[in-house]
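Now for the letters of each chain:
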Amino acid sequence: MFPIRDHNPSERTPYVTLSLIAINVAIFLAGLVLFSDQRALSQLYYDYALLPIRISNGENYAALVTSTFLHGGFMHLAGNMLFLWIFGDNLEDEMGHIPFLIFYLACGIGASLAQFAAEPLSSIPTVGASGAIAGVMGGYLLLYPKARVDIFIFFIVFFRIFPIPAWIMLGLWFALQLFNGFSIDTSGGGVAYWAHAGGFVIGLILTLPLWFKLGAGLFWRQTHGHPPHPEATYGRSSVPTVRR
């Protein structure tokens, strides 16, 4: 089950969202040649991926940001960019371009710190934008809990697209990150569940000031948890082992 689109058109061109997608794709393509060179790829991860043991030793704090622009494979990149495109444009529309960029980077740093806190002595590199994008998802849940999201379900020979409220899709996603974080041993690599969960919570918290500015419960009642009408405003101011 994964989302393919939402029924929540934005009013303005999401320049930051599009730029972030372009930058992530460009970095991945530029480093694609390294995937055939194990030694060069390992060096790239050592220099720019999040290695908690290095943070514990007081080294390479820049990796809290740079790691969010690296990806471990095409599907890793494609999945993250799809989620960013679905949920990022609406949050950028609501926040404004520069505030959204700051918000995105803050979520990425917060997600990296959450993963570091979970395993501070790990030497497994963590890469990917998913922690920052999880923050976007947390903010989206707060502002548009009833926005319709189309999800694609595939089971053996059966597949179908269902529209469901965002709160169900995002709530299930967050619950899955928590469950997997507690139940799956990722000490040898795998998915950075705590970066996902941490980024989600941080994004929701950082969106609270905007939610209150828009009217909090009043905003929900006026929009019924759906995206507002385009002409309406509600208080808006206009590979090596790696975790992914």
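Anything mentioned here points back to the structure above.
Report follows, based on the coordinates. Computed from a prediction, not measured in an experiment: that's the story for all the values here.

### A word on empty space enclosed by the protein
For the largest cavity, the calculated volume is near 90 Å³. Taken together, 17 residues form the lining of the largest cavity, with Ser112, Thr126, Gly128, Gly131 and Ala195 sitting closest to its centre. For the lining of the largest cavity, the residue count by class is six nonpolar, ten polar and one charged.

### Observations regarding the nonpolar core
Counting residues in hydrophobic clusters, the biggest one holds 42 residues, and the most contacted among them are Phe87 and Leu170. Counting only elements with at least two residues in this core, the list comes to α1 (15-30), α5 (74-95), α6 (97-118), α7 (130-143), β2 (148-155), α8 (166-183) and α9 (193-214). No other element matches α7, which puts nine residues into this core. Apart from the residues lying within four places of it in its own chain, the contact partners of Leu170 are Phe87, Met137, Tyr140, Leu141 and Phe200.

### Some thoughts on the packing of aromatic side chains
One pass over the structure, following the stated rule, counts ten aromatic pairs. Ring centres of Phe182 and Trp194 lie 4.9 Å apart, and the angle between their planes is 85°; on these two criteria the pair is classed as edge-to-face. Of the two residues, Phe182 is situated in helix α8 and Trp194 in helix α9; the sequence distance between them amounts to twelve residues. We classify Phe182 as exposed; its relative accessible area is 67%. Within the aromatic cluster, the residues linked to one another by ring pairs are Phe83, Phe87, Tyr140 and Tyr144. In this structure, Arg54 is placed above the aromatic ring of Tyr46, and the distance from its NZ or CZ to the ring centre is 4.1 Å.

### Quick word on the packing of α8 against α9
Two elements in contact, α8 and α9, have axes separated by 8 Å at closest approach and are oriented at 140°. On the basis of the axis angle, α8 is oblique to α9. The way α8 lies across α9 gives a crossing that is left-handed. Across from Leu170, Trp173, Phe174, Gln177, Leu178, Asn180, Gly181 and Phe182 in α8, the residues of α9 making contact are Tyr193, Trp194, His196, Ala197, Phe200 and Val201. Here the contact of α8 with α9 is composed, by residue class, of ten nonpolar, four polar and no charged.

### Some remarks on the side chain of Asp150
Within the fold, Asp150 resides in strand β2. Residue classification places Asp150 among the buried residues on the basis of a relative accessible area of 4%. Engagement of the side chain of Asp150 in a polar contact is seen with the side chain of His7, the distance being 2.9 Å. Setting aside residues no more than four positions away along its own chain, Asp150 makes contact with Phe2, Pro3, Ile4, Arg5, His7, Ile161, Phe162 and Pro163.

### Quick look at α9
Counted at 1.5 Å a residue, the expected span for α9 with its 22 residues is 32 Å, and the 31 Å between its end C-alpha atoms agrees. For α9, the principal kink sits at Leu208 and spans about 35°; a proline, Pro209, occurs within the next four residues. Tyr193, Ala195, His196, Ala197, Gly198, Gly199, Phe200, Gly203, Thr207, Leu210, Trp211 and Leu214 are the residues of α9 that are buried. Two residues or fewer after α9 comes Gly215, characterised by a positive phi angle close to 120°.

### Regarding the layout of surface pockets
In this approach the atoms are scanned with a rolling probe the size of a water molecule, which exposes any empty space left behind. Approximately 560 Å³ is the volume found for the largest pocket. Asn80, Phe83, Trp173, Gln177 and His196 are the residues nearest the centre of the largest pocket, which is lined by 23 residues in total. Elements represented by at least two residues in the lining of the largest pocket include exactly β1 (2-6), α5, α7, α8 and α9. Looking at the lining of the largest pocket residue by residue, the classes come out as 15 nonpolar, seven polar and one charged. The volume enclosed by the second largest pocket comes to roughly 220 Å³. In terms of lining, the second largest pocket is formed by 14 residues, of which the most central are Ile27, Phe28, Leu44, Phe69 and Leu70.

### Thoughts on the side chain of Thr17
The residue Thr17 is located in helix α1 in this model. A residue is classified by how much of its surface remains accessible, and Thr17, at 0% relative accessible area, is buried. A polar side-chain atom of Thr17 sits 3.5 Å from the main-chain carbonyl oxygen of Gly88. What Thr17 contacts, discounting residues up to four positions off in sequence, is Leu84, Trp85, Gly88, Asp89, Glu92 and Phe100.

About the thresholds
- Residues numbered from 1 in each chain as written.
- Predicted model: local features only at pLDDT ≥ 70, side-chain atom pairs only at ≥ 80, totals over all residues.
- Heavy atoms only, no water.
- 1 Å grid on protein atoms, 1.4 Å probe; cavity = no way out; pocket = protein on both sides within 12 Å on 5 of 7 lines; lining within 4 Å.
- Points joined across faces, edges and corners; volume = space filled by probe spheres on them.
- Nonpolar A, V, L, I, M, F, W, Y, C, P; charged D, E, K, R; others polar.
- Core = buried A, V, L, I, M, F, W, Y, C linked by side-chain atoms within 4.5 Å.
- Buried < 20%, exposed > 50% of the residue type's maximum accessible area, 1.4 Å probe, protein only.
- Helix = DSSP H or I, 4+ residues; strand = E, 2+ residues; numbered from the N terminus.
- Contact = heavy atoms within 4.5 Å.
- Phe/Tyr/Trp six-rings, centres within 6.5 Å; stacked < 30°, edge-to-face > 60°.
- Lys NZ or Arg CZ within 6 Å of the ring centre and 35° of its normal.
- Axes fitted to C-alpha atoms, helices over the stretch in contact; angles between N-to-C directions.
- Parallel < 35°, antiparallel > 145°, perpendicular 65-115°, else oblique.
- Left-handed = near helix turned anticlockwise from the far one by under 90°.
- Polar contact = N/O pair within 3.5 Å; in protein donor to acceptor, adjacent residues only side chain to side chain.
- Expected span 1.5 Å × (residues − 1).
- Bend = angle between axes of the 7 residues up to and from the residue.

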